[in-house]
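As a plain string of letters, each chain reads:
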Amino acid sequence: MTAILATRKDETLTLATAIMRNLISEDHFFENLETSTELDYVLRAGEGVPEEGLEIKPHMHLEHEIMWFHKAQGSYSIGSEKFAIKDNTLIYISPLVLHDMALEFTCDHERFLFQYDRAVLNRLKYPIPAMNPHIGVITQPNELEAERLQFLFKWLAQVHETGHSTDDINPVMILLLNTVFQCASRAQPISPEKDNLSLFEKIITFMGEMEKRTSLNISLNEAAAAVGLSSCHFSRTFKKIMQISFKEYLLRKKIARSVDMLRNTALSITDIAYQCEFTDAAYYCFQFKKLIGVTPKKFRNHSLTSVQLHKNR
């Protein structure tokens, strides 16, 4: 799904390109969303539908996705199952679940999209209700729930657009996620079929397992064996889907983990380098600056809140 990245003007440093996508067999594609280094979520609001309608092809991604259709008409598919979208439709999609969407033009169309990963849940430090993996949920909340969801989505969009700090944004996110999952928990989850996995789906399933790993020290041969391919075949297929090599993917995952540590811990640069499985701190700093554009130290100082800066003086 074409993403408009959540950014703060004149402050952010992009990790790399905004979106990497590649159409493959059966028109499925993997979407890799990369937010700015200032934010670890994507929020979209205020988008209309063109007169000819809007069609999003089947795709999946590593992030959790929540969509709230306050005013809308169309359809939404999870796997091979198709559902109607109408006013006050709430949708939750867990990572690596194939989905697509078609929307009709209406003058009063209003929808919100919120995508986030585990870094957001770690940052919130709140026991958000958890959904089972590899599922989707489509539900129609009751009138009071719909009013609350609309209020919370508009509130989150407002604090996001006006550049508030995470101290202001976090409570709104907690309220929103709690409300979403309370509604979703009463709906029947939809589990796409897992039989006869295509090569694409095998790679994506493998990546889902990679997301759960605490260690990223895995060789190309080990990764290929996990999928049942030769190393050459795995390498070609992985790059076709992800638009980067497996080696580059591992490097970016390590850098992403280090970003979380730079933001949320007081560990030294050297300790972070070793915990993120770099051979030494110098190599880590070189790769970090190459990808992010600044050194880890400068990034950490830029990310600190005024309260943290005061404490570190």
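Our structure's up above, just so we're on the same page.
Residues numbered from 1 in each chain as written. Predicted model: local features only at pLDDT ≥ 70, side-chain atom pairs only at ≥ 80, totals over all residues. Heavy atoms only, no water.

1. Points about the pattern of salt bridges
Summed over the entire model, instances satisfying the criterion amount to seven salt bridges. For the salt bridge of R44 with E47, the shortest nitrogen-to-oxygen distance reads 2.9 Å. Judged by its relative accessible area of 11%, R44 falls in the buried class. In this structure, E209 engages K212 in a salt bridge whose closest nitrogen and oxygen atoms are separated by 3.5 Å. With E209 and K212 both in helix 4 (residues 199-212) and three residues apart, this pair spans about one turn of that helix. A cluster of three or more residues bridged by salt bridges with shared partners is formed by R44, E47 and R111. (Salt bridge = Lys/Arg side-chain N within 4 Å of Asp/Glu carboxyl O. Buried < 20%, exposed > 50% of the residue type's maximum accessible area, 1.4 Å probe, protein only. Helix = DSSP H or I, 4+ residues; strand = E, 2+ residues; numbered from the N terminus.)

2. Considering unusual backbone geometry
At N88, a position not held by glycine, the phi torsion is positive, near 60 degrees. Assignment of secondary structure puts N88 in the loop between strand 7 (81-85) and strand 8 (89-93). Judged by its relative accessible area of 23%, N88 is partly exposed. In the Ramachandran plot, H134 falls in the positive-phi region, its phi being about 60 degrees despite a non-glycine side chain.

3. Here we look at the nonpolar core
With 32 residues, the main nonpolar core has I66, F114, Y116 and L156 as its most contacted residues. Only strand 3 (41-45), strand 5 (64-71), strand 8, strand 10 (110-116), helix 1 (118-124), helix 2 (143-161) and helix 3 (166-185) provide two or more residues apiece to this core. In terms of residues, this core owes the most to one element, helix 3, which gives 10 residues. Ranked by size, the runner-up nonpolar core spans 24 residues in total, among them M60, M207, F246 and L250. (Core = buried A, V, L, I, M, F, W, Y, C linked by side-chain atoms within 4.5 Å.)

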